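Each chain is listed here by its residues.
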Amino acid sequence: MTGNEIVSEGVVGQRAALASGRLSAMELVDATLDAIDRASALGAFTSVLRDSARRAAADCDRQRMSGEPVGPLHGIPVAVKDEIDVAGVTTTFGTRANSTPARTDAEVVRRLRAAGAVIVGKTAMNEFGQWPYTESSTFGVTRNPWDTSRSAGGSSGGSAAAVAAGLVPVALGGDGGGSIRIPAACCGLFGLKPQRGRVSAAPLESLWWALGTTGPLTRTVLDSALVYDVIRGAVPGDRFRAPEPEMSFVDAARKTPRPLRIGFSAKTTTPLLTAHPEQVRAMEATAVLLADLGHHVDEIDPHYPSSMPALLPQFFGAIRAEAAAVEHPELLERRTRQTLRLGLWARRPVVEWAIRAGESLAGTVNRVFARHDLLLTPTTAIRPPHLGVLDGKGSAAAILASLPMVTYTAIWNVTGNPAASIPVGIADDGLPLAVQLVGPPGGETAILPVAAQLEQARPQPRAEGRWS
């Protein structure tokens, strides 16, 4: 098997090819870099680390030839969202306002490298990840591989486009309001936002205060679980820590789930906003499938309280904190400067109050899990939109334009619960359909086996060839 044939495979497929000797890490990385170059029109990458990736691949091959023990991601190409430090590369946060390369890797990148992963590039995001659309005056737009006139979602749109196009088997994203799950939904991928504190934010104390977390976008549930078992776990200095799971994520993904009580609801968290009929039908069809698979499924009203009092101070406070740390603030986008003015009130005491308010809200929302093991919803209220959603919009208008994308996702950032977007087929418009599964606190190991069960029952087609 050649590198070109295996480059679009997932982590499991690439691991098997490397372990058998059918393919060297150098061949795989060279094929990956070629694929990234051919797909440059997607706008998935902000930088491609050709020289360092080839050196790392050569080291992987020498290590394997010497018979040394190798890690679970040995030789696997991985891309990293451009808000995560990679030593020697500027962490742009999607902006022109930074210019100095990071001195050291973020903890998640260090763990990836220790597991043998080869970092091949940084992926596109909007400035500071403010919006669920990957559109930037610095890096342009990121296109959806299923239809290049459509958005890949955001803010981890570059990571989603890279995986959906088969350029890399896995790419790290970040999720502060849905930014893993939304692009996963738009691009037909699996994207799990883990429990708050599951993945270290180091060298930061936290990501977007209590809202954010880091995690992979992948094609399959098992690929995601493999990566999470590498990167999860807190370090000294992390503000938030999740208790150890009852089993590894890989074991959970391979487990046959017992019959669970699953509630489903298309109700949004935004007054007067209703979901697109295709999104509702996808959720209802998934509910039927889950019942056919032996689960106890019923429609419920989650009685969502408003999350905005806890969400908005942390959102504005996060943008203020990240903007304060850039080297050239005069180069920030006009819309970001408007966000900063709108959020002048979101100072540290207000943000700390909002975090406590989120903890109180979590106690209310989590009552749904007293009677149900999981909650099923749409991931987004709308279909993947055409590019240019943010064109001509100021910050306030961009916030309003974001509501249909985040109405099902952001509340679980406020509460900290794990939640995953799962692809469930293709709509009449030719674009992926997705649903969201939400678990109780620490419930990733309940989500993963059900997500894997759905994946096996309804395999998702791929986007290759639709964009080239």
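The structure presented is a predicted model; accordingly, all values stated were derived computationally and were not measured.

## What about the overall build of the protein chain?
Here comes step 1: In terms of regular secondary structure, the protein chain is built from 16 helices and 15 strands.
Here comes step 2: At 20 Å, the protein chain has a C-alpha radius of gyration in line with the 23 Å of a compact globule built from 468 residues.
Here comes step 3: Here the protein chain holds 468 residues, and 63% of them are scored as buried.
Here comes step 4: For the protein chain, contacts bridging at least 24 residues in sequence account for 78% of all contacts bridging at least 6.
Here comes step 5: Surface summary for the protein chain: the accessible area is close to 17,000 Å², and the carbon and sulfur share equals 54%.

## Things to note about the pattern of salt bridges
Here comes step 1: What the rule picks out here adds up to 21 salt bridges.
Here comes step 2: A salt bridge links R348 to E352, with the nearest nitrogen and oxygen atoms 2.7 Å apart. Of the two residues, R348 and E352 both sit in helix α13 (residues 348-365), four residues apart, roughly one turn of that helix.
Here comes step 3: Since its relative accessible area comes to 44%, R348 is described here as partly exposed.
Here comes step 4: Three or more residues joined by partner-sharing salt bridges are found here, namely E107, R110 and R111.

## Topic: helix α11 (residues 308-324)
Here comes step 1: The first and last C-alpha atoms of α11 sit 24 Å apart over 17 residues, in line with the 24 Å expected at 1.5 Å per residue.
Here comes step 2: Of the residues making up α11, those classed as buried are A310, L311, P313, Q314, F315, F316, G317, A318, I319, E322 and A323.
Here comes step 3: Taken together, the buried residues of α11 touch α12 (334-342), α13, α14 (395-406) and α15 (410-415).

## So, the UniProt feature "domain: Amidase" (unreviewed entry) in the protein chain
Here comes step 1: Under the UniProt annotation, "domain: Amidase" (unreviewed entry) lies at residues 27-448.
Here comes step 2: For residues 27-448, helix accounts for 36% and strand for 17%, while the C-alpha atoms at its two ends are 32 Å apart.

## A short note on the pairing of strand β7 (residues 147-151)
Here comes step 1: In this structure, strand β6 (residues 143-144) lies alongside β7, joined through two bridges in antiparallel fashion. Paired with R143 across the two strands is S151, which belongs to β7.
Here comes step 2: From the end of β6 to the start of β7, which pair antiparallel, there are two residues.

## Regarding the packing of aromatic side chains
Here comes step 1: In this structure the tally under the stated criterion is seven aromatic pairs.
Here comes step 2: Ring geometry for F93 and F128: centres 6.2 Å apart, planes at 50 degrees, overall tilted. Of this pair, F93 sits in the loop between β2 (77-81) and α5 (107-114) while F128 is found in the loop between β3 (118-123) and β4 (135-136), placing the two residues 35 residues apart along the sequence.
Here comes step 3: According to the relative accessible area criterion, F93 is buried, its value standing at 17%.
Here comes step 4: Overall, the relative accessible area of 0% leaves F128 in the buried class.
Here comes step 5: Members of the aromatic cluster, each reached through a chain of ring pairs, are W131, W208, F315, F316 and W345.
Here comes step 6: Positioned above the aromatic ring of F240, the side-chain terminus of R196 is 5.6 Å from the ring centre.

## Quick notes on the environment of T46
Here comes step 1: Examined against the element boundaries, T46 turns out to sit in strand β1 (residues 45-48).
Here comes step 2: In this structure, the C-alpha to C-alpha distance between T46 and H74, residues 28 residues apart in sequence, is 24 Å.
Here comes step 3: In this structure, T46 is in contact with D82, K122, T123, A124 and F139, ignoring residues within four places of it in sequence.
Here comes step 4: At 2.8 Å, the side chain of T46 and the side chain of D82 are in polar contact.

Definitions and limits used
Residues numbered from 1 in each chain as written. Predicted model: local features only at pLDDT ≥ 70, side-chain atom pairs only at ≥ 80, totals over all residues. Heavy atoms only, no water. Helix = DSSP H or I, 4+ residues; strand = E, 2+ residues; numbered from the N terminus. Rg over C-alpha atoms; globule rule 2.2 N^0.38 Å. Buried < 20%, exposed > 50% of the residue type's maximum accessible area, 1.4 Å probe, protein only. Contact = heavy atoms within 4.5 Å. Areas by Shrake-Rupley, 256 points an atom, 1.4 Å probe, with all protein chains shown as cover. Salt bridge = Lys/Arg side-chain N within 4 Å of Asp/Glu carboxyl O. Expected span 1.5 Å × (residues − 1). UniProt positions renumbered as here; feature names shortened; annotations may be inferred. Pairing = 2+ DSSP bridges. Phe/Tyr/Trp six-rings, centres within 6.5 Å; stacked < 30°, edge-to-face > 60°. Lys NZ or Arg CZ within 6 Å of the ring centre and 35° of its normal. Polar contact = N/O pair within 3.5 Å; in protein donor to acceptor, adjacent residues only side chain to side chain.

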